[in-house]
Amino acid sequence: MRGTAVAAIALTSLMVVSACAKDSGGGATTPTGSGSACEFATPPAAAAATSTSAAEGKKVDGSALKIGLAYDIGGRGDASFNDLAAAGFDKAITDMGVKKENTRELSAAPNEDETAKQTRLRQLASEGFNPIVGVGFAYTESLKVVAPEFPNVQFGLVDSAVEGVTNVTPLVFAEQEGAFLAGVVAAYQSKNCHVGFVGGVDIPLIQKFEAGYNQGARTAAPKVKIDKKYITPAGDFTGFQDPPKGQEAAKGLIDKGADVLYPAAGASGIGVFAAVKEAGVLAIGCDADQYNQPALAANRDVIVASSLKRVDVAVYDFFHAAAGNDLASLPKVFDLKSNGMGYATSGGKIDAKLQGIVEGFKAQIIEGKIKVADKV
């Protein structure tokens, strides 16, 4: 049954590569309906936290531009990471008046080598596309080679940086800040005071999600139990592309007693949600508002919230800044303050009281009162 559920969903979703407040000693009231067994630290008061995109309110004319996008595995239609990049690309085209014939999107293939990535980037640059965004850290090594060959082309690189190459702008994120808020929600939603984390591949990028999630859960409920499972070790990127293994990893955590799971696992998250649905427990989405993704419609009722990694904002802001010859205006890191990270509560499963608690933590992170660790 589990395998059938995963296969059905996988047919409709492509692969993606998609991690402190003072402990007052507990005593906080449990939000209505949470049913959690946790003892909570007193949360911060709800506050209005301001977050602003670098491009907000500014108009630029991009009608003379040719802009390109090099996707990671899966490309447009993956229901997560690449689709977020596509949304930023589309918004840039519309807002800046870029002609459709002056846009180009190219996608990666599974298990391709560096030569293929270099060829894709060279194709875009040699055909006059500028600026160009590489979606995902997988383009790091290729841009080390290709960007110096085209010194007048501006490249944006999602999730990574190329040191010493001045025409590559890193578009990196404070993933740990969004994951912190996911951890807060998980602690409050857990009936066992026991939550879990599923990582796709054991690499620093995904460890950022884990670190933030752990800190958020333990800040909200100092005695919460947290288990984790990485699907594959560093170097084996199939962990982002294997729903059955995601399902197996999730089932292992559920069998240990975790009743709220947070996957940072790309397409393997499809299997995590399937296992969560079968077991009758809960999950938190990652990167996109996964409750509202058509590919996850069969299991969306288990998704109580999602952490948002605003790749769409970063891609849009990069194209906007490049068009205005103002790349220096971009944030060094896309975080909660720059609207590069966030959270969604689609589905109506988070009540107003818990929403206020999450907003309070968000405000404290933006104000610098809470420093979220990016390493476990």
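Details of the structure are given in the entry above.
Quick look at the structure, then. (Residues numbered from 1 in each chain as written. Predicted model: local features only at pLDDT ≥ 70, side-chain atom pairs only at ≥ 80, totals over all residues. Heavy atoms only, no water.)

1. Side note on the sheet that holds strand β1 (residues 67-73)
In spatial order, the strands read β2-β1-β3-β4-β5; together these five strands make up an open sheet with parallel pairing. The open sheet is flanked by β2 (103-108) and β5 (168-171), the only strands paired with a single partner. For this sheet the average axis-to-axis angle between neighbouring strands, irrespective of direction, equals 20°. The pairing of strand β3 (residues 132-134) with strand β4 (residues 155-158) spans three bridges and is classified as parallel. Counterpart to G134 in the pairing with β4 is L157. Strands β1, β2, β3 and β4 of the sheet are contacted by helix α3 (residues 114-126), whose axis makes an angle of about 175° with β2. Sheet strands touched by helix α9 (residues 311-323): β1, β3, β4 and β5. Its angle to β3, the strand with the most contacts, is close to 150°. (Pairing = 2+ DSSP bridges. Helix = DSSP H or I, 4+ residues; strand = E, 2+ residues; numbered from the N terminus. Axes fitted to C-alpha atoms, helices over the stretch in contact; angles between N-to-C directions. Contact = heavy atoms within 4.5 Å.)

2. Some thoughts on the pairing of strand β10 (residues 303-309)
Counting buried positions over the seven residues of β10 gives seven, a clear majority of the element. As paired strands, strand β9 (residues 282-285) and β10 are joined by three bridges and run parallel to one another. Looking across to β10, one finds that A283 is bridged to I303. Pairing between β10 and strand β11 (residues 341-344): four bridges, direction antiparallel. The residue of β11 that forms the bridge with S307 is Y343. (Buried < 20%, exposed > 50% of the residue type's maximum accessible area, 1.4 Å probe, protein only.)

3. Overview of the side chain of N82
Residue placement: N82 occurs in helix α2 (residues 81-96). Owing to a relative accessible area of 0%, N82 belongs among the buried residues under this scheme. A polar contact of 3.0 Å, which involves the side chain of N82, links it to the backbone nitrogen of D72. (Polar contact = N/O pair within 3.5 Å; in protein donor to acceptor, adjacent residues only side chain to side chain.)

4. Some remarks on the packing of α2 against α9
Axis separation between α2 and α9 bottoms out at 7 Å; the angle between their running directions is 35°. Considering only the axes of α2 and α9, their crossing is right-handed. Residues F81, L84, A85, A87, G88, F89, K91, A92, D95 and M96 of α2 touch α9, and the partners they reach there are V311, D312, V315, Y316, F319, H320 and A323. Class assignment of the residues belonging to the contact of α2 with α9 gives a composition of twelve nonpolar, two polar and three charged. (Left-handed = near helix turned anticlockwise from the far one by under 90°. Nonpolar A, V, L, I, M, F, W, Y, C, P; charged D, E, K, R; others polar.)

From the geometry alone we can't say anything about function, so treat these as descriptive.
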